[in-house]
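Structure assessment
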Amino acid sequence: MQKKVYFCRMILNYIWISLILLAVLMGLVQALCFGNVDIFSAILNSTFDSAKTGFELSIGLTGVLSLWMGIMKIGEKAGAVNTLGKAINPFFSRIFPDIPKGHPVYGTMLMNFAANMLGLDNAATPMGLKAMGELQELNSDKTKASNAMIMFVVLGASGLTLIPTTIMAYRAQLGAANPADVFIPILIATYAATLVGLICVCLAQKIRLKDPVVIGTLLGLTALVGTLVWGATRLSPDKLSAVSAAVAAILLLGVICWFIIQAMTQKINVYDAFIDGAKGGFQTAIGIIPYLIAILVAVGMFRASGAMGLLEQGIAWCFAACGINPDLAGAVPTALMKPLSGGGARGLMLEAMTTHGADSLVGRLCCILQGTTDTTFYVLAVYFGSVNIKDTRHAVVCCLLADLAGVMAAFAIAPLFFG
């Protein structure tokens, strides 16, 4: 596990170094070729501004993280997640045919998926590692990924997100008029990624997609997402934004009420459960400060030097030549970074919102991209590395195809909702 995680961290290390050195090199070019000696002051000042922004964002995130980690703890203690598990167990038994019926790993996997759906990545990882350990116990070849492991990892990496908690918190911090207006677009894009990942694994493992339960579940979910897209095409951008925000608010409040009511029926002290979960919000927010400052400083230097502008102009030119809205070019760096580094993609998302505005098309698209999938290579490294799996078989290909589907969906949906 340590070697694989080290490899992923080395990738981010090279990206971070490259951004800083390219920024300085671009500064030298501007100074020597165009006489712009002030560029070095601009690059240096960007480091101070970016470090301050990273710290302020992390501290501002504390409240929202504490809120939703507390809500998640209420749902966990109330058994709401287990209730959901019973509802989806028929579907799970079809896509995980090698797992014995009623095995405890079903509950562990469900907890992992539930935390991901609520946008609580830090809460999801421990349950994911526990699930991989339980799946390894069922694995006949301890060095090769089992079918169940691959399905679990691909579904996890595809990052099905129902409530993008952290993204909404960042949008609120950066002054978005309605932080939840990206809720439905993220839901659609993340479903596209998960659906493609699921189908790819089913095809690779020869799982029967024609099973009535599988077909019914997928058709039902697809119909729901399709209805959202159909409705989006019938409304003006302003009205669509208002409807999207209203639906997001209703669903979020519905989840909170469901958790609280179920906890009350179980005679659980709801307040104590909330406090127990909320304590982790502060620790989580403090823990990401160094990582957030590191990537924001590097990206800030890259933009201040003019290198980011040139990159975006080149991408915009390519987009225009292909008939694609060139305004979307500013989100491409986030899309490319996402499979490699969650922290890097987060930094690029925040930088895009800071530069273009939280309510700009680029800013919102970056938020959709951030919420569409998980960090593929990190998930693969940590999850398989935790149980010393060396042969991951078709997991990487299926994960990357899911990533591609999510990115394509995000680029198609953002102009529809916010263009």
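Please refer to the structure higher up on the page.
We now turn to the structure provided with this report.

All right, on to the overall build of the protein then. Secondary structure summary: the protein contains 18 helices and zero strands in total. Counting only residues that meet the buried cut, the protein has 52% of its 419 residues in that class. Long-range contacts, defined as pairs at least 24 residues apart, comprise 80% of the intrachain contacts of the protein with a sequence gap of at least 6. Taken as a whole, the protein presents about 18,700 Å² of accessible surface, with 68% of it coming from carbon and sulfur.

By secondary structure assignment, the location of Ala-148 is in helix H6 (residues 147-157). In this structure, the C-alpha to C-alpha distance between Ala-148 and Ile-95, residues 53 residues apart in sequence, is 8.2 Å. Excluding its chain neighbours within four sequence positions, the residues that come into contact with Ala-148 are Phe-96, Ile-99 and Leu-135.

Turning our eyes to something else, we now look at the packing of helix H8 (residues 183-205) against helix H18 (residues 395-418). Their axes nearest at 8 Å, the elements H8 and H18 cross at an angle of 155 degrees. The pairing of H8 with H18 is recorded here as roughly antiparallel in orientation. Between H8 and H18 lies a crossing of right-handed hand. Across from Ile-184, Pro-185, Ile-188, Ala-189, Ala-192, Ala-193, Val-196, Gly-197, Cys-200 and Val-201 in H8, the residues of H18 making contact are Cys-398, Leu-401, Ala-402, Ala-405, Gly-406, Ala-409, Ala-410, Ile-413, Phe-417 and Phe-418. Within the contact of H8 with H18, the residues separate by chemical class into 18 nonpolar, two polar and no charged.

What follows covers the packing of aromatic side chains. Counted according to the given criterion, the structure contains five aromatic pairs. Ring centres of Phe-319 and Phe-411 lie 6.2 Å apart, and the angle between their planes is 75 degrees; this geometry places the pair in the edge-to-face category. Here Phe-411 lies in helix H18 and Phe-319 lies in helix H13 (residues 307-321), a separation of 92 residues in the sequence. By the burial criterion, Phe-319 is buried, and Phe-411 matches it. Consider the rings of Phe-417 and Phe-418, whose centres lie 6.1 Å apart with planes at 45 degrees: the pair is tilted. For the pair shown, Phe-417 and Phe-418 are each scored as buried.

Excluding glycine, residues mostly have negative phi values, and the peptide bonds linking residues are mostly trans. Here the phi dihedral of Lys-206 falls at roughly 55 degrees; this positive angle occurs in a residue that is not glycine. The topology assignment puts Lys-206 in the loop between H8 and helix H9 (212-233). We note that Lys-267 has phi near 60 degrees; this positive angle belongs to a residue other than glycine. As for its placement among the helices and strands, Lys-267 is situated in the loop between helix H10 (237-265) and helix H11 (270-287).

Parameters at a glance
Residues numbered from 1 in each chain as written. Predicted model: local features only at pLDDT ≥ 70, side-chain atom pairs only at ≥ 80, totals over all residues. Heavy atoms only, no water. Helix = DSSP H or I, 4+ residues; strand = E, 2+ residues; numbered from the N terminus. Buried < 20%, exposed > 50% of the residue type's maximum accessible area, 1.4 Å probe, protein only. Contact = heavy atoms within 4.5 Å. Areas by Shrake-Rupley, 256 points an atom, 1.4 Å probe, with all protein chains shown as cover. Axes fitted to C-alpha atoms, helices over the stretch in contact; angles between N-to-C directions. Parallel < 35°, antiparallel > 145°, perpendicular 65-115°, else oblique. Left-handed = near helix turned anticlockwise from the far one by under 90°. Nonpolar A, V, L, I, M, F, W, Y, C, P; charged D, E, K, R; others polar. Phe/Tyr/Trp six-rings, centres within 6.5 Å; stacked < 30°, edge-to-face > 60°.

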